[in-house]
Amino acid sequence: LQWVIGHLTDSEFVDFLRRCVRGLRPGGWIMLKDNNASPKEAGLIDGHYLVDEDDHSVMRTNVLVKRLIEEAGLEIVKETRQTRFPTELCTVRMYALKPGAGA
């Protein structure tokens, strides 16, 4: 999933991941790639959100993304930051997710 969650509310994001889990084959994983807002970013809303007025999407801080992933019942197996990316752009992270024990 690439650059999808920025167009979803928090509850829609959690519900979306839960639906993805139901569609996985046994042993399947979900790969998620998205922009992250810096916690030090000017204009951050409620300490976790940055709105992109150009494409009407929302960037979340890494802390919030991980909390919502957990809420959806997923475990983060690997998290990595995009490398060789222009420094003037926001951080992009990739997450390898698998259903947690309770999912």
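As the structure is a prediction and not an experimental result, all values here were calculated from the model.

(A) Looking closely at the nonpolar core. Phe13, Leu32, Ile69, Leu74 and Leu97 are the most contacted members of the largest nonpolar core, which totals 17 residues. Mapped onto this core, the elements with two or more residues apiece are α1 (10-23), β1 (30-37), α2 (62-71) and β5 (91-99). Broken down by element, this core gets its largest block of residues, 6 residues, from α1. Not counting residues up to four positions away in its chain, the partners in contact with phenylalanine 13 are Ile5, Leu8, Leu32, Arg60, Val65, Leu68 and Ile69.

(B) Fine view of the sheet that holds strand β3 (residues 57-61). Strand order in the open sheet formed by 5 strands is β2-β3-β1-β5-β4, with mixed pairing between adjacent strands. With one partner strand each, in any of the chains shown, β2 (49-52) and β4 (74-81) form the two edges of the open sheet. The average undirected angle you get between the axes of adjacent strands in this sheet is 45°. Judged from the 7 bridges that link them, β4 and β5 form a sheet pairing that is antiparallel. Bridging across to β5, lysine 78 finds its partner in alanine 96. The strands touched by α2 within the sheet are β1, β2, β3, β4 and β5, with β3 carrying the most contacts at an inclination of about 90°.

How each quantity is defined
Residues numbered from 1 in each chain as written. Predicted model: local features only at pLDDT ≥ 70, side-chain atom pairs only at ≥ 80, totals over all residues. Heavy atoms only, no water. Core = buried A, V, L, I, M, F, W, Y, C linked by side-chain atoms within 4.5 Å. Buried < 20%, exposed > 50% of the residue type's maximum accessible area, 1.4 Å probe, protein only. Helix = DSSP H or I, 4+ residues; strand = E, 2+ residues; numbered from the N terminus. Contact = heavy atoms within 4.5 Å. Pairing = 2+ DSSP bridges. Axes fitted to C-alpha atoms, helices over the stretch in contact; angles between N-to-C directions.

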